[in-house]
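# Per-entry structural report
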Amino acid sequence: EEYTQAFFGKWAIRFNQKQVFFDDDLVTDDRVTAYFDRLRTENAIHALVSTARNLKGAFKRYESRYANIDKPTLILWGENDIWLSKELGEKYQKAISGSVFCVLPECGHVPQEEKPLVTAGLMDDFLQGRLDPEPARQP
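Presented here is a report on the structure given in the accompanying data block. What you are looking at is a predicted structure, and each value in this text was computed from that prediction instead of being measured.

Before going further, it helps to examine helix α3 (residues 29–39). Turning to α3, its buried residues are V32, F36 and L39. Angular distribution of buried residues about the axis of α3 spans 65°; they occupy a single face of the element. Turned more than 90 degrees from where α3 packs its buried face, D30 and R38 sit exposed. Of the surrounding elements, those touching the buried residues of α3 are α2 (10–20) and α4 (44–55).

Shown next as structure tokens:
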């Protein structure tokens, strides 16, 4: 953990945000500082590293269980997500019966931050039953 903190700084936050946002203009000093400040709280870095380690293999580990999901499921995906491919989202959509898969154009890994109004609108449409399951939907 000490090793991680020694190499942790705003530069690392900025680097990650440049990867997860499609629109580089959203990577502002204020956003970087907000993320940085949250990660400086006690044990935050440890939790982040632990989560990253536990994600390794997590998708494969639970893959066989997706077909058991029997609740309405909305899958939101940024078309330009470089961390998780759109094909993974398509795989979830096929495995989860009746799920709705929405792909947000010009959007990266964090649609809730990059396109909050579109994301909220899709969530509202889903909760109100206005979205039908289909292979992929462009908002």
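Text resumes after the structure shown.
What follows covers the environment of F8. Topologically, F8 is positioned in the loop between α1 (2–6) and α2. Along the chain, F8 and N54 lie 46 residues apart, while their C-alpha atoms are 20 Å from each other. With residues near it in sequence (within four places) discarded, F8 still touches I13, F36, L39, R40 and I45.

Time to look at the nonpolar core. Core analysis: the largest hydrophobic core is formed by 10 residues, namely I13, V20, F21, V27, V32, F36, L39, A44, I45 and V110. Secondary-structure elements contributing two or more residues to this core are α2, α3 and α4. Those residues in contact with V20, other than ones at most four positions away along the chain, are W83, G108, H109, V110 and E114. In this structure, W77, L88, I96 and V103 belong to the second largest nonpolar core, which totals 8 residues.

Moving on to the side chain of T73. Of note, T73 is situated in the loop between α5 (58–62) and β1 (74–78). For T73, a relative accessible area of 17% translates into the label buried. At a separation of 2.8 Å, a polar atom in the side chain of T73 contacts the main-chain carbonyl oxygen of K71. Beyond its immediate chain neighbours, meaning those up to four positions away, T73 contacts I96, S99, V100 and F126.

For the coordinates displayed, the defined rule picks out 7 salt bridges. Among the salt bridges present, the one from D37 reaches R40, with a minimum N-O distance of 3.9 Å. A salt bridge links D70 to K71, with the nearest nitrogen and oxygen atoms 3.7 Å apart. Side by side, D70 and K71 carry an identical accessibility label, which is exposed. When salt bridges with common partners are traced through the structure, they connect D124, D125 and R130 into a single cluster.

Another point: the packing of aromatic side chains. As enumerated under the stated definition, the model contains 3 aromatic pairs in all. Ring geometry for Y66 versus Y92: centroids 4.9 Å apart, planes at 75°, classification edge-to-face. Here Y92 lies in helix α6 (residues 86–95) and Y66 lies in the loop between α5 and β1, a separation of 26 residues in the sequence. Residue Y66 is classed as buried on the basis of its relative accessible area of 14%. Judged by centre distance (6.2 Å) and plane angle (65°), the ring pair of W77 and F101 falls under edge-to-face. Taken together, the residues span a long stretch of sequence, with W77 in strand β1 and F101 in strand β2 (residues 100–104) at a distance of 24 residues. For the residue pair W77 and F101, the accessibility class agrees, reading buried in each case. An aromatic cluster is defined as three or more aromatic residues linked by ring pairs; in this entry it consists of Y66, W77, Y92 and F101. The lysine or arginine in question, R38, covers the ring of Y35, its NZ or CZ lying 5.6 Å from the ring centre.

Criteria and cut-off values
Residues numbered from 1 in each chain as written. Predicted model: local features only at pLDDT ≥ 70, side-chain atom pairs only at ≥ 80, totals over all residues. Heavy atoms only, no water. Buried < 20%, exposed > 50% of the residue type's maximum accessible area, 1.4 Å probe, protein only. Helix = DSSP H or I, 4+ residues; strand = E, 2+ residues; numbered from the N terminus. Arc of directions from axis to C-beta. Contact = heavy atoms within 4.5 Å. Core = buried A, V, L, I, M, F, W, Y, C linked by side-chain atoms within 4.5 Å. Polar contact = N/O pair within 3.5 Å; in protein donor to acceptor, adjacent residues only side chain to side chain. Salt bridge = Lys/Arg side-chain N within 4 Å of Asp/Glu carboxyl O. Phe/Tyr/Trp six-rings, centres within 6.5 Å; stacked < 30°, edge-to-face > 60°. Lys NZ or Arg CZ within 6 Å of the ring centre and 35° of its normal.

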